Amino acid sequence: MAEVTLKDVVKVYPNGFKAVHGANLEVKDKEFVVLLGPSGCGKTTTLRMIAGLEEITEGTITIGGKVVNDVEPKDRDIAMVFQNYALYPHMTVYENMAFGLKLRKIPKPEIDKRVKEAAKILGIENLLDRKPKQLSGGQRQRVAVGRAIVRDPKVFLFDEPLSNLDAKLRTQMRAELKRLHKNLQATIIYVTHDQVEAMTMADKIVIMKDGVIHQIGDPYSVYFEPVNKFVAGFIGTPSMNFISAKVSQEDGKLWIHKEGMKLLIPEKYYEKLKPYVGKDVIFGIRPENIYDKMFAVSPRDEFVAKGKVDVVEPLGSETLIHATISGDDIIAKVDPKTRAQAGDTIDLVFDMSMVHVFDIETEKNVL
Ligand code: ATP
C-alpha cells in the first residue's frame, strides 16, 4: 500500500519565511492527487517535503504507514519527475533510464528488462539510442517519466512536468499521464498551477494559497461547491463572475439586488441567506450560467439583468460576451448564434439555481 499522509506539516525556511502553514492531507493508495495553486502558494515546497528534499519544520509525513520525517530521499521509495526533466545530456535515453538502477546495483538483465518494459509503456522503444538533445520536448518528458517508472516506486511525485510543452502537446500528455496512472495503478502526487490539468487528471484536488490548503475535493466538488471566493475564482475558465450586491426581502421573497439589477433567489437558498438580508455580499455566477435571453429556455423577468456589451468573442462552439452590469464587469458564455454586438444593451438571463453568495468579510461561500 502506498498511501501518503501529512499531519500538521509546517515549513519555515531558514530566512524565517513560513511557506506551509500546518498542511493536513491524506493521499490514498493508487490515488491521483493534484496540488494546485498560484505561483508561490507552497505546492513545490510541500512536494519536496514529501520527497525528503526539504526538511519539515513541524508535523509528520508518512508513506505507506511509516513516518518518513527522518528518512533519506533515496530510502522513501518515491520517484520524482521534475519540470526541467533533469536528463543527463551525455547519456542515451537507455542510459538515462538505467542510471538510477545501476546505482542501486540491480543486476544488468533486470535493468534491461525494466527499461524495455517502461519504454514500451511510453512508446519510446525506438528512441533508446538517442541523446536528449536529439529528442522533442514531449519525448524528453516521456524519458523523464520512464526513468521514474523503472524504479517501480510506491509513489510518483510530479513537479509541473508539462509546463515546458506547447499547448497541443500538453493536452496530449495530459491524457497519456492519465492512461499511465491507470496502467501503473500507482499513487501520484502532481503539482501544477494549471487548473485545467488539475480538473482533467485528478481524483482529488488540493487547492492552496499562501501556504494554506483552502479546499480538498474531487474536481466536481471544487468546481460546483467552492468553499470560498478564492477557490471559486481560481477554478474554471473564464473565471466565475463576482458582482457586489445586497440581499433584500420584498413580498416575502428574497432577492439579490443592486442598482439596475434585481434577481429572485430560489427558495432552496432562503434558510442560508436569511441572516444576510439587508447586508452587502459578493454574488457569484459562472459564465456558462448566464444566457443571452434570445436563446434562453422560458426566461422569467425575475432572472434577467441588463448588460452593456463591451466585447463579443466568437469561439466557434460558443461566444463570450464581455459586458457590464451596473458597473461590474462580467463574462457570459452564450450561444454562438447570439446577435449581440459591442455597444448593445442586452437582456442576460441568470440561472439562479447555480449561483453562489460569498460573505464580504470572510469570503466564505454561504450557500
Ligand atoms: P511556483 O508555482 O512558482 O513554483 P509554488 O507554489 O511551488 O510556486 P514554492 O516554490 O513552494 O511555491 O514556494 C512557496 C513560497 O516559499 C514562495 O513564497 C517562495 O518564495 C518561498 N520559498 C521557496 N524556497 C525558499 C527558500 N529556500 N527560502 C525562503 N523562501 C523560499
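This section reports on the structure supplied with the text. Because the structure is a prediction, the values reported are computed rather than measured.

1. Quick word on the environment of glycine 138
Here's step 1: Position of glycine 138 among the secondary structure elements: in helix α4 (residues 137–149).
Here's step 2: Between the C-alpha atom of glycine 138 and that of serine 353, which follows or precedes it by 215 residues, the distance is 43 Å.

2. Some details on the pairing of strand β20 (residues 356–359)
Here's step 1: Of the two faces of β20, the one carrying His356 and Phe358 and the one carrying Val357 and Asp359 are both buried.
Here's step 2: The sheet contact formed by strand β14 (residues 280–285) and β20 spans four bridges and is antiparallel. From the neighbouring strand, glycine 284 faces β20, where its bridge partner is histidine 356.

3. A closer look at the pairing of strand β17 (residues 319–325)
Here's step 1: Counting buried positions along β17 gives five out of seven residues, so the element sits mostly inside the fold.
Here's step 2: Relative to β17, strand β16 (residues 304–314) runs antiparallel, the two being bridged by six bridges. Directly across from proline 314, in β17, lies its bridge partner threonine 319.
Here's step 3: As consecutive antiparallel partners, β16 and β17 are separated by four residues, and within that stretch glycine 316 has a phi angle of approximately 100°, a positive value.
Here's step 4: Relative to strand β18 (residues 328–334), β17 runs antiparallel, the two being bridged by seven bridges. Bridge pairing in β18 links alanine 323 to isoleucine 330.

4. Some points on the sheet that holds strand β10 (residues 212–217)
Here's step 1: Pairing within the open sheet is mixed, and its six strands lie in the order β6-β7-β8-β3-β9-β10. Where the open sheet ends on each side, the last strands, each with one partner, are β6 (78–81) and β10. For this sheet, the mean angle separating the axes of adjacent strands, direction not counted, is 15°.
Here's step 2: As paired elements, strand β3 (residues 32–36) and strand β9 (residues 204–209) share four bridges and run parallel to each other. Looking at the pairing, valine 34 lines up with isoleucine 205 of β9.
Here's step 3: The strands touched by α4 are β6 and β7 (155–159); relative to β6, the strand with the most contacts, the crossing angle is about 175°.

5. Observations concerning the sheet that holds strand β2 (residues 18–27)
Here's step 1: Pairing within the open sheet is antiparallel, and its four strands lie in the order β2-β1-β4-β5. Edge positions in the sheet fall to β2 and β5 (66–67), since each of these pairs with one other strand and no more.
Here's step 2: Looking at chain direction, strand β1 (residues 4–12) and strand β4 (residues 58–63) are connected through five bridges and run antiparallel. Among the inter-strand pairings, threonine 5 is bridged to a residue of β4, identified as threonine 62.
Here's step 3: Lying over the sheet, helix α1 (residues 43–51) contacts β1, β2 and β4, oriented at roughly 120° with respect to β1.

6. Here we look at the environment of leucine 367
Here's step 1: Mapped onto the elements of the fold, leucine 367 is located in the segment after β20.
Here's step 2: Residue class for leucine 367 comes out partly exposed when judged on its relative accessible area of 22%.
Here's step 3: Considered as a pair, leucine 367 and methionine 49 are 318 residues apart in the sequence and their alpha carbons are 36 Å apart.
Here's step 4: Sequence-distant contacts of leucine 367, defined by excluding residues within four places in its chain, comprise Tyr269, Lys272, Leu273, Val355, His356 and Val357.

7. A word on the packing of aromatic side chains
Here's step 1: The final tally for this structure, using the stated rule, is nine aromatic pairs.
Here's step 2: Taking 5.7 Å as the distance between ring centres and 35° as the angle between the ring planes, the aromatic pair formed by phenylalanine 158 and tyrosine 190 counts as tilted. Residue phenylalanine 158 is found in strand β7, and its partner tyrosine 190 is found in strand β8 (residues 187–192); the two are separated by 32 residues along the sequence. Grouping residues by exposure puts phenylalanine 158 and tyrosine 190 together as buried.
Here's step 3: When the centroid spacing of 4.6 Å and the interplanar angle of 40° are considered together, the rings of tyrosine 220 and phenylalanine 224 count as tilted. Remark: phenylalanine 224 and tyrosine 220 occur in helix α7 (residues 219–224); sequence separation between them is four residues, near one turn of the helix.
Here's step 4: On the basis of relative accessibility, which here comes to 53%, the residue tyrosine 220 falls in the exposed class.
Here's step 5: Since its relative accessible area comes to 35%, phenylalanine 224 is described here as partly exposed.
Here's step 6: Through a chain of ring-to-ring contacts, the aromatic side chains of Phe32, Phe156, Phe158 and Tyr190 assemble into a single cluster.
Here's step 7: The lysine or arginine in question, lysine 262, covers the ring of tryptophan 255, its NZ or CZ lying 4.4 Å from the ring centre.
Here's step 8: Just above the ring of tyrosine 223 sits the side chain of arginine 286; from NZ or CZ to the centre is 3.9 Å.

Parameters and conventions
- Along each chain, the written sequence defines residue order, and numbers are assigned to residues from 1.
- Reporting in this predicted model follows two pLDDT cut-offs: at least 70 for local features of residues, and 80 or more for side-chain atom pairs to be given and counted; totals over whole chains, interfaces and linings ignore these cut-offs and use all residues.
- Derived side-chain values reflect all non-hydrogen atoms in the structure, with water molecules and hydrogen atoms excluded from consideration.
- Helix and strand definitions here come from DSSP, where helices need a minimum of 4 consecutive H or I residues and strands a minimum of 2 consecutive E residues; each element is numbered from the N-terminal end.
- Summary of the burial criterion: residues with accessible area below 20% of their type's maximum are buried, those above 50% are exposed, and those between are partly exposed, where the area comes from a 1.4 Å probe applied to protein chains only.
- At least two bridges found by DSSP between two strands is the condition for calling them paired.
- The angle between two axes is taken between their N-to-C directions and runs from 0 to 180 degrees, where each axis is a line fitted to C-alpha atoms and a helix contributes only its stretch in contact.
- Contact between two residues is taken to exist if any of their heavy atoms lie within 4.5 Å; hydrogens are not considered.
- Centres within 6.5 Å make a pair out of two Phe, Tyr or Trp rings, where for Trp the six-membered ring is used; the pair is then stacked when the planes are under 30 degrees apart, edge-to-face when over 60, and tilted otherwise.
- The rule for a charge over a ring is simple: NZ of Lys or CZ of Arg within 6 Å of the ring centre, and within 35 degrees of the ring normal.

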